[in-house]
Amino acid sequence: MKQIDSYYYFRLGLNLYEKVTTPVREKYGLSYMEFVVLLFLANNEKYKKASDIVEILGIAKSHVSATVNTLVEKGLIQRTIDKDDKRSSILEINDSAKEIIEEGRKAQKEYHDLVFGSLIEEEMEELERLQKIIEKNIKENL
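The rules behind these values
Residues numbered from 1 in each chain as written. Predicted model: local features only at pLDDT ≥ 70, side-chain atom pairs only at ≥ 80, totals over all residues. Heavy atoms only, no water. Helix = DSSP H or I, 4+ residues; strand = E, 2+ residues; numbered from the N terminus. Buried < 20%, exposed > 50% of the residue type's maximum accessible area, 1.4 Å probe, protein only. Contact = heavy atoms within 4.5 Å. Areas by Shrake-Rupley, 256 points an atom, 1.4 Å probe, with all protein chains shown as cover. Lys, Arg positive; Asp, Glu negative; His and termini not counted. Charge placed at Lys NZ, Arg CZ, Asp CG, Glu CD. Core = buried A, V, L, I, M, F, W, Y, C linked by side-chain atoms within 4.5 Å. pLDDT = per-residue confidence, 0-100. Expected span 1.5 Å × (residues − 1). 1 Å grid on protein atoms, 1.4 Å probe; cavity = no way out; pocket = protein on both sides within 12 Å on 5 of 7 lines; lining within 4 Å. Points joined across faces, edges and corners; volume = space filled by probe spheres on them. Axes fitted to C-alpha atoms, helices over the stretch in contact; angles between N-to-C directions. Parallel < 35°, antiparallel > 145°, perpendicular 65-115°, else oblique. Nonpolar A, V, L, I, M, F, W, Y, C, P; charged D, E, K, R; others polar. Arc of directions from axis to C-beta.

J.: I tried to follow the overall build of the protein on my own but got confused; where do I start?
T.: In terms of regular secondary structure, the protein is built from six helices and two strands. Dimensions of the protein, computed from the C-alpha atoms along their principal axes, are close to 50 × 35 × 25 Å. The 142 residues of the protein split such that 26% are buried. Within the protein, residue pairs in contact and separated by at least 24 positions form 48% of the contacts whose partners lie at least 6 positions apart. Working note: accessible area of the protein is about 10,300 Å², and carbon and sulfur atoms make up 54% of it. A gap of 4 Å separates the mean positions of the 22 positive and 26 negative side-chain charges of the protein.

And the structure:
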């Protein structure tokens, strides 16, 4: 079986994502990590804790903590104590972030269109099928 350099494609995809999101990040003075965390919270409403970001995105706890602190300082998100777990905070997006999120989502759509726009429906379905197999293989071996 031919070996695929999956890290190369992963890195290539990240490079394109960084390029496509740069205008939005520069316009609003956001670092790459601030943009990623803000859009993660906006696009995944069921995840509201820093620990969710760490687990789902695989970002170091220290990086998430520093990024959340900066987003709070910039007034883009707020942190409230979790009623069920006083040691934990709930992260909520402030109205001041709405415009950034709207433009960020447009950049994410542009990225998606650039990467997948030339695939026909059947190819997208096959890609999704293959991704599920790959995800299963990875999770079984973690």
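Back to the text.
J.: What's the story with the nonpolar core in this structure? I'm lost.
T.: For soluble globular proteins, the rule of thumb is that nonpolar side chains tend to be buried together. One finds Leu38, Leu41, Ile53, Leu71, Leu76 and Ile77 to be the most contacted residues of the largest nonpolar core, which totals 18 residues. Secondary-structure elements contributing two or more residues to this core are helix 2 (32-43), helix 4 (61-73) and helix 5 (98-116). It is helix 2 that provides the largest number of residues to this core, a total of six residues. With residues near it in sequence (within four places) discarded, Leu71 still touches Leu30, Glu34, Val37, Leu38, Leu76 and Ile77.

J.: Just checking my understanding: could you explain the confidence of the model for the protein for this structure?
T.: Interpretation of the predicted coordinates at a detailed level should be avoided for regions scoring low in pLDDT. Per-residue pLDDT for the protein has a mean of 95; in total, 99% of the residues score no lower than 70. The lowest-confidence element of the protein is helix 3 (residues 50-57), averaging 94 in pLDDT; the highest-confidence one is helix 5, averaging 98.

J.: Can you walk me through helix 2 in this structure?
T.: Its 12 residues place the ends of helix 2 16 Å apart at the C-alpha level, agreeing with the 16 Å of an ideal helix rising 1.5 Å per residue. Among the 12 residues that make up helix 2, nine are buried, leaving the element largely enclosed by the rest of the structure. Along helix 2, the residues that are buried comprise Glu34, Phe35, Val36, Val37, Leu38, Leu39, Phe40, Leu41 and Ala42. Buried residues in helix 2 make contact with helix 1 (6-28), helix 3, helix 4, strand 1 (77-81), strand 2 (89-93) and helix 5.

J.: It is not clear to me how the layout of surface pockets should be interpreted in this structure. Could you clarify?
T.: Empty space among the atoms becomes apparent when a probe as large as a water molecule is rolled across them. Computed from the structure, the largest pocket encloses a volume of approximately 1,900 Å³. Contributing to the lining of the largest pocket are 37 residues, with Tyr9, Phe10, Tyr111, Phe116 and Gln131 lying nearest its centre. Every element with two or more residues in the lining of the largest pocket is listed here: helix 1, helix 2, helix 3, helix 5 and helix 6 (121-140). No other element matches the eight residues that helix 1 contributes to the lining of the largest pocket.

J.: What's the story with the packing of helix 2 against helix 3 in this structure? I'm lost.
T.: The packing of two helices is summarised by the inter-axis angle and the distance between the axes. As a packed pair, helix 2 and helix 3 sit with axes 11 Å apart at the nearest point and diverge in direction by 105 degrees. For the element pair helix 2 / helix 3, the angle class is roughly perpendicular. Contacts from Val36, Val37, Phe40 and Leu41 of helix 2 reach helix 3 at Asp52, Ile53, Ile56 and Leu57. Across the contact of helix 2 with helix 3, the residue classes break down as seven nonpolar, no polar and one charged.

J.: Help me understand helix 4, please; the structure alone is not making it clear to me.
T.: Given 3.6 residues per helical turn, the α-helix brings residues three or four places apart onto the same face. With 13 residues, helix 4 extends 18 Å between its outermost C-alpha atoms, agreeing within 8% with the 18 Å of an ideal straight helix rising 1.5 Å per residue. All of the buried residues along helix 4 are Val64, Thr67, Val68 and Leu71. The arc that holds the buried residues of helix 4, viewed along the axis, is 100 degrees, so those residues lie on one side. Exposed side chains of helix 4 directed beyond 90 degrees from the buried face belong to Ser62 and Glu73. Tucked inside the fold, the buried residues of helix 4 contact helix 2, helix 3, strand 1 and strand 2.

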